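Letter by letter, the chains look like this.
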Amino acid sequence: MTTSSNSGSKPARIFIVAITMLLGVVSILVAQELPALNRDVILGHLNEAITWYRDTTTKVQAAGLPSDAIYEDNTRNLSAEVVRLAFQSARAEAALIATSEKKPNTNQTAKAPAQQQDLTQIAARIAAEIDDTQSRLDSVNKELASAPRSKRKDLQAERERLQGMLTLDKTVQESVQKMATFAEETTDNASEGLEGSINQLARSVPEAFANKTIPQAPAKGNGSPSSLANSSGLIGQAITLLERMRSMREINQTIKETDHLRQTAEDLRKPLRATLVAILQRGRDMASQQGTTSNTQNQSVTREYQDLISRFKQLSSATMPLSQEILLLEQSRANYVEWRRSIVRESRDTLRALLIRVIGIALALGIVAILSEVWRRLTFRYIHDPRRRRQFLLLRRFVMGFLVGVVLITGFVSEFSSLATFAGFVTAGIAVGLQALLLSVAAYFFVVGRYGIRVGDRISIAGVTGDVVDIGLVRLYIMELAGTSIDLYPTGRIVVFSNSVLFQAGTPLFKQIPGTEYGWHEIAVTLAQGGNYKLVQDKLFGAINGVYEQYRERIESQLGGIERQTEIQLKSPTPEAKLQLSDTGAEFVVRYPVDIRTASDIDDRVTRAVVDLMERDAELKSAIVGLPKIRAAIKG
């Protein structure tokens, strides 16, 4: 029974040994199995994470909304945490690569500690020499304090020598410390490899590892979108809208970078996760087979379990930060998406307000244009006097220009305090630089006033007599007249005066009374000695009166216009006769009104009437000495 049992159990033992050997082989394969980790891939992932971190913290600018502070704070915290997790995962992956290398380079690692040991020994020896020299110097100083005068000179020389040695030793010690520090850094960089590169990259973003809470960004200036967001002007709203559109473009670009970084982390995590899944599956398989193994096989399984656990911890230390990084990247993307939605909502409101303002400005300008047209039509309909019509049209131009300016300023400008200051400086500069021009403009309103000048008036200014042909805002145009005082004719020239000439004290202006077109001429005859002056008065005055009757109605109608405009009662202009003494003797003068436009024709008729009268009446001719003279009653 025993033999048969032993022979029956022998194949079972052979099977168990085969299973155990197979498990050992599988254990070795699992222990050696590593994901496809690559130094360039790990460093590329870190570089991409650092670039993304810098873009998220500096590239996207606030759009001027109250909620921007919340989104910016979330962005800073998430981006810093993503960078920390990326470096944590990279260091764990570097450790995995280091453990998988079968033949590490020991020449450099052995050579570098020897160099450091030599520098350390030299530094210790120099430190001992400095301590010995310092103690000797202290003892010399004590002896020098109580030494007699004969030994003082030797002690002072010894002290100077020791001080020189001490200074030299300290200089050498400083140089040795620098060399040791340099050698240590060089050794670290040479020995660390991938870990050293990771540390160098970590030093490029120290702010991400300094504190968990990233400091807030400094407050923006007056030209930032936050200050323009509250602006009510058209320009301010347009700038705010453009800034928000720029912020949305930056957010969209950052979202693309976030997606790309997330995909990179996914690609890096995929082989690690596949290895973890294989380890877990191997553990389940071993757990299902554990009940059929012997004691020897149990020890092998235990060792394999320990290898699996060790490998799982190494892989999970690299996989877990990557998974957390991916989760934070998803949260960061959601944060950017929500930030973009808030900007879109506010931008719609800003665009709506901008369109309303533009429509309001257009309507206001349209109303101003309608008022201008109504003003023009009413002026042409109810004002028939060309002079008054011109004044109203000019006033319309100024008023409409002012209203257009007010509409544009209130529509485009929002900071009226700065505008008022700027306008004050501009006004002062204009007043100084354009003094003559402003004086001419001011004189224009005196020229077109109630007792001013109108086109067609005959005036005399600065010794020039002529008819006004045009009145500009800064200039006055006169058609020059020349000739005798009673016979003026156009010279064919236009005389241009600046309106400011009216404010010059030595330049008087002579013009007709508003509404009148007549002047005064007189005919004078010298009486013969002993002549009958009454006969001359009756005959001559009657002849001139006969000529005046031909145009009297025209002169009297002008008198009515004077009374309506000036509200002054004037007597009707009629011929007047008077007897006066002159250098040549007694002189009889008849003064009569003439229409200034037909003065030459009236003087011609008066001359013909007087000459005919003298030819017909011999007694009248004998009572006069010489020929009659016609002249202007008013000079100038």
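Scoring rules and cut-offs
- Here, residues in each chain are numbered from 1, in the same order as that chain's written sequence.
- In keeping with the predicted nature of the model, local features appear solely for residues at pLDDT of at least 70, side-chain atom pairs appear and are counted solely at 80 or more, and the whole-chain, interface and lining totals rest on all residues.
- The basis for the side-chain values is all heavy atoms of the structure; hydrogens and waters are excluded.
- The predictor rates its confidence in each residue with pLDDT, a number between 0 and 100.
- Should any heavy atoms of two residues lie within 4.5 Å, those residues are counted as being in contact.
- Helix numbering and strand numbering both begin at the N terminus, where a helix is a DSSP run of H or I of at least 4 residues and a strand a DSSP run of E of at least 2.
- Here, a salt bridge means any Lys or Arg side-chain nitrogen found within 4 Å of an Asp or Glu carboxyl oxygen.
- Think of it in three bands: residues with accessible area under 20% of the maximum for their type are buried, residues over 50% are exposed, and the middle band is partly exposed, with areas taken using a 1.4 Å probe on protein chains only.
- Here the expected span of a helix is defined as 1.5 Å times the quantity of residues minus one.
- Distance and chemistry together define a polar contact, namely a pair of N or O atoms within 3.5 Å, with one atom able to donate a hydrogen and the other to accept it when in protein, and with adjacent residues in sequence counting only for side-chain atoms on both sides.
- Here, any two strands with at least 2 DSSP bridges between them count as paired.
- The angle between two axes is taken between their N-to-C directions and runs from 0 to 180 degrees, where each axis is a line fitted to C-alpha atoms and a helix contributes only its stretch in contact.
- Centre distance within 6.5 Å is the pairing criterion for rings of Phe, Tyr and Trp, where only the six-membered ring of Trp is used; planes under 30 degrees apart are then read as stacked, over 60 as edge-to-face, and the remainder as tilted.

Below, the discussion takes up the confidence of the model for the protein. Summary statistics for the protein give a mean pLDDT of 76 and a share of 78% for residues scoring 70 or more. Here residues 1-34 is modelled with pLDDT under 50, and outside its nearest four sequence neighbours on either side it reaches 24 contacts, counting other chains as well. Low pLDDT, under 50, characterises residues 102-112; the predicted model gives this stretch four contacts beyond four residues in sequence or across chains.

The next thing to look at is unusual backbone geometry. In this structure, A462 is a non-glycine residue whose phi angle is positive, near 55°. With respect to the element layout, A462 can be found in the loop between strand 1 (458-461) and strand 2 (464-471).

Inspection of the entire model under this criterion finds 27 salt bridges. Measuring nitrogen to oxygen at the nearest pair gives 2.8 Å for the salt bridge that ties R333 to D259. Residue R333 is found in helix 10 (residues 295-382), and its partner D259 is found in helix 9 (residues 234-289); the two are separated by 74 residues along the sequence. Under the relative-accessibility criterion, R333 is labelled partly exposed at 35%. Assessed through its relative accessible area of 30%, D259 is described here as partly exposed.

The next point concerns helix 14 (residues 533-548). If you check helix 14, its first and last C-alpha atoms are 22 Å apart, about what 16 residues at 1.5 Å a residue would give, namely 22 Å. Three or more residues of helix 14 are buried, namely L535, V536, L540, A543, I544, V547 and Y548. One side-chain oxygen of the residue at the start of helix 14 lies 3.3 Å from the amide nitrogen of K534, identifying that residue as N532.

Take the sheet that holds strand 1 next. Read from one edge of the open sheet, five strands run 4-3-2-1-5, paired in antiparallel fashion. Only two strands of the sheet have a single partner each, and these edge strands are strand 4 (488-498) and strand 5 (509-511). Averaged over all pairs of adjacent strands, the angle between strand axes in this sheet comes to 35°, irrespective of strand direction. The sheet contact formed by strand 1 and strand 5 spans three bridges and is antiparallel. Counterpart to S460 in the pairing with strand 5 is F510.

On to the packing of aromatic side chains, then. Under the defined criterion, the tally for this structure stands at four aromatic pairs. Ring centres of Y336 and W339 lie 6.3 Å apart, and the angle between their planes is 10°; on these two criteria the pair is classed as stacked. Here the residue Y336 and the residue W339 both occupy positions in helix 10, the gap between them amounting to three residues, near one helical turn. Centroid distance Y548 to Y551: 5.3 Å. Interplanar angle 85°. Geometry classified as edge-to-face. There is no split in this pair, since Y548 and Y551 are both buried. By the ring-pair criterion, three or more aromatic residues cluster together here, those being Y71, Y336 and W339.

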